[in-house]
Amino acid sequence: MFLVNFVYDDEEVLEPYEWQDDDIYQEFYYLPIYRVHYQTLHDFLYGKLYIKDEKESTFIVGDGHYSIVIEMKKNIIYKRGTVTFQQREKINKIIKTLPVTLFQYRILEEAYEKEYGLTRQERMKKICIEEVIDEIFVVHYELFQEICEQLNIHESNPSEQYLMLKHKIERGYSSLHELLYKELIQKR
């Protein structure tokens, strides 16, 4: 039996450490499993795919290191899901014994790659911070300058300051992110 935590196509896949009680869980007693190349797995994770031969189906794809559950509707990925770490280990062992399957698909859209290792809450805060920085750079430039001054960002022009600030918050989630979240979002 597979316990799958699904998210819709336009949402980020949730790793088991991110699961919450109000997520969408579904149980399956059987799911077809396919081995795919790494690049194909990447496309299944981050692309809105049209697959001619998959109208309405649910199956697992993986490369032997990572696997994901796919639900198709009208030939397009409708939902993606993850299983528990224990189930993923078992699935990956099975996948390593399978021949590679080649899916014929078209990429309709691509999403940004997810930064793994962050909690769901940290990712959401980080997205808010990035959006607010974009807003204050355009609408509240004085506040943007104030933040750059506090963070010792002294570039020669505003565009370079903006890029430097974005670079500082690009990876991970640190005390800087938490400080910016409190200053820019919680105090508003």
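Definitions and cut-offs
- Each chain has its residues counted from 1, running along the sequence as written.
- The model is predicted, so local features are restricted to residues of pLDDT at least 70 and side-chain atom pairs to those at 80 or more, both for listing and for counting; the totals for chains, interfaces and linings are taken over all residues.
- Side-chain numbers come from the whole structure's heavy atoms, not from hydrogens or water.
- Between rings of Phe, Tyr and Trp, where Trp is taken as its six-membered ring, a pair exists when centres lie within 6.5 Å; planes separated by under 30 degrees are stacked, by over 60 edge-to-face, and by other angles tilted.
- The numbering of helices and of strands both runs from the N terminus, where a helix is a DSSP run of H or I of at least 4 residues and a strand a run of E of at least 2.
- When the NZ atom of lysine or the CZ atom of arginine is within 6 Å of a ring's centre and also within 35 degrees of its normal, the charge is said to sit over that ring.
- Like charges within 9 Å and nonpolar side chains (Val, Leu, Ile, Met, Phe, Trp, Tyr) within 5 Å are joined into patches, using only residues over 30% in relative accessible area that form no salt bridge.
- Areas reported here follow the Shrake-Rupley algorithm with a probe of radius 1.4 Å; residue values treat only the protein chains shown as occluding.
- The working definition used for a salt bridge is a side-chain nitrogen of Lys or Arg within 4 Å of a carboxyl oxygen of Asp or Glu.
- The classification of residues rests on relative accessible area computed with a 1.4 Å probe and restricted to protein chains. Under 20% of the type maximum is buried, over 50% is exposed, and intermediate values are partly exposed.
- Whether two strands pair comes down to DSSP finding at least two bridges between them.

Student: Describe the packing of aromatic side chains, listing the residues and the values that go with them.
Tutor: Under the criterion given, the structure shown has 13 aromatic pairs. Seen in terms of ring centroids, Y34 and F103 are 5.4 Å apart; in terms of plane orientation they differ by 85 degrees. Their pairing is edge-to-face. With a gap of 69 residues between them, Y34 in strand β3 (residues 33-35) and F103 in the loop between α2 (85-96) and β8 (105-110) connect regions that are remote in the sequence. In this structure, K73 is placed above the aromatic ring of Y78, and the distance from its NZ or CZ to the ring centre is 4.9 Å. Across the ring face of Y181, the terminal group of K125 is positioned such that the distance to the ring centre comes to 5.0 Å.

Student: Go over a nonpolar patch on the surface with me, naming the residues and quoting the values.
Tutor: The grouping of M1, Y29 and Y30 at the surface amounts to a nonpolar patch, some 470 Å² of accessible area in total. Along the chain, the position of Y29 falls in the loop between β2 (24-28) and β3.

Student: Give me the lowdown on unusual backbone geometry, citing residues and values where you can.
Tutor: In terms of backbone geometry, most residues other than glycine have negative phi values and most peptide bonds are trans. In this model, K74 sits at a positive phi of 55 degrees, which is unusual for a non-glycine residue. Secondary-structure assignment places K74 in the loop between β6 (67-73) and β7 (76-82). Relative accessible area serves as the criterion here: at 67%, K74 is assigned to the exposed category. We note that N152 has phi near 55 degrees; this positive angle belongs to a residue other than glycine.

Student: Go over the pattern of salt bridges with me, naming the residues and quoting the values.
Tutor: Two side chains with opposite charge may pair up if their charged atoms get near one another. Within the structure shown, the criterion is met by 4 salt bridges. As a salt-bridge pair, K73 and E71 come within 3.8 Å of each other at their nearest N and O atoms. The class of K73 is partly exposed, set by a relative accessible area of 35%. According to the relative accessible area criterion, E71 is buried, its value standing at 10%. Two residues, E178 and K125, come together in a salt bridge whose shortest N-O distance is 3.1 Å.

Student: Describe in detail the pairing of strand β1 (residues 2-8), supporting the description with residues and values.
Tutor: Remember that side chains alternate between the two faces of the sheet whenever the strand is regular. Burial runs high along β1: 5 of the 7 residues are buried. The pairing of β1 with β2 spans 5 bridges and is classified as antiparallel. Directly across from L3, in β2, lies its bridge partner E27. Both β1 and β7 contribute to a ladder of 4 bridges, which runs antiparallel. Its bridge partner lying in β7, Y8 is registered against K79.

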